[in-house]
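Below are the chains, spelled out letter by letter.
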Amino acid sequence: MPVEFEIFTDPTLVYIRYHGHVKTAEIMEALTQFAPRGAALAGQTHFFDFSKITSYEVDYPLFFKFMAKLLDIYPPEVGQQLNVFYAPPGPPEEMAEMARNPWEGSSKILIRTAQTQEQAFDILGWPRPDVVAHMAALS
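What you see is a predicted model; the values in this text were computed from it and never measured.

**A word on the pattern of salt bridges**
Okay, so step 1: A complete count under the given rule lists 3 salt bridges for this structure.
Okay, so step 2: Residue Arg 100 is joined to Glu 104 by a salt bridge in which the shortest nitrogen-to-oxygen separation is 2.1 Å.
Okay, so step 3: Since its relative accessible area comes to 19%, Arg 100 is described here as buried.
Okay, so step 4: Members of the salt-bridge network, linked through shared partners, are Glu 97, Arg 100 and Glu 104.

Have a look at this one:
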């Protein structure tokens, strides 16, 4: 499946990686695996690695169901949710923009996009060698 996630501790970070050709149905499938843990992870920083996306296919009705499901997983009463998107130019950046647009203007979901890994870690505030090692192992 082109979507994987890992939960890091100390400090806590949820790492979600997309790779290859990504379809909306596969994102939904990953969300169903992630959802049981979602309530416990709400409010924690999420790092979305879009850097390995080669292409994507969007089923817009399913995409909007996906966005609604995210509202269930990350309820507004939890507080602000920082999501950092690592998305180099091309398909990764296009997919990140599509994922970011519905949250434009939200006071609860804060999304910051970086074109380089270094920019992403600057936004996060630390280099996270554990995440870098994990990213290298998955490549």
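**Considerations on the side chain of Thr 24**
Okay, so step 1: On the secondary structure map, Thr 24 appears in helix 1 (residues 24-41).
Okay, so step 2: Within the structure, the side chain of Thr 24 is placed 3.0 Å from the backbone nitrogen of Asp 59, a separation counted as a polar contact.
Okay, so step 3: Excluding residues within four positions of it along the chain, Thr 24 makes contact with Glu 57, Val 58, Asp 59, Leu 62 and Phe 63.

**Some words on the sheet that holds strand 5 (residues 109-114)**
Okay, so step 1: The strand order across the open sheet built from 5 strands is 1-2-3-4-5, with neighbouring strands paired in mixed fashion. Each edge of the open sheet is held by one strand with a lone partner, namely strand 1 (3-8) and strand 5. Averaged over all pairs of adjacent strands, the angle between their axes in this sheet comes to 20°, without regard to strand direction.
Okay, so step 2: Sheet analysis places strand 1 next to strand 2 (residues 13-23), joined by 6 bridges and oriented antiparallel. Opposite Val 3, over in strand 2, you have Tyr 18 as the bridge partner.
Okay, so step 3: Relative to strand 3 (residues 46-57), helix 3 (residues 91-100) is tilted by about 115°, and along the sheet it contacts strand 2, strand 3, strand 4 (81-86) and strand 5.

**Structural notes on the pairing of strand 2**
Okay, so step 1: Adjacent in sequence and paired antiparallel, strand 1 and strand 2 are bridged by 4 residues, among which Asp 10 carries a positive phi angle near 60°.
Okay, so step 2: Pairing analysis gives 9 bridges linking strand 2 to strand 3, with the strands arranged parallel. Looking at strand 3, one finds that His 21 is bridged to Ser 55.

**Side note on the packing of aromatic side chains**
Okay, so step 1: Throughout the structure, instances matching the rule amount to 12 aromatic pairs.
Okay, so step 2: Aromatic pair Tyr 15 and Phe 47: ring centres 5.6 Å apart, planes at 45°, arrangement tilted. Of the two residues, Tyr 15 sits in strand 2 while Phe 47 sits in strand 3, which places them 32 residues apart along the sequence.
Okay, so step 3: Given the relative accessible area of 1%, Tyr 15 is considered buried.
Okay, so step 4: Phe 47 gets classed as buried once you look at its relative accessible area, which sits at 0%.
Okay, so step 5: What links up through ring pairs into an aromatic cluster is the set Tyr 15, Phe 47, Tyr 86 and Phe 121.

Conventions used here
- Residues numbered from 1 in each chain as written.
- Predicted model: local features only at pLDDT ≥ 70, side-chain atom pairs only at ≥ 80, totals over all residues.
- Heavy atoms only, no water.
- Salt bridge = Lys/Arg side-chain N within 4 Å of Asp/Glu carboxyl O.
- Buried < 20%, exposed > 50% of the residue type's maximum accessible area, 1.4 Å probe, protein only.
- Helix = DSSP H or I, 4+ residues; strand = E, 2+ residues; numbered from the N terminus.
- Polar contact = N/O pair within 3.5 Å; in protein donor to acceptor, adjacent residues only side chain to side chain.
- Contact = heavy atoms within 4.5 Å.
- Pairing = 2+ DSSP bridges.
- Axes fitted to C-alpha atoms, helices over the stretch in contact; angles between N-to-C directions.
- Phe/Tyr/Trp six-rings, centres within 6.5 Å; stacked < 30°, edge-to-face > 60°.

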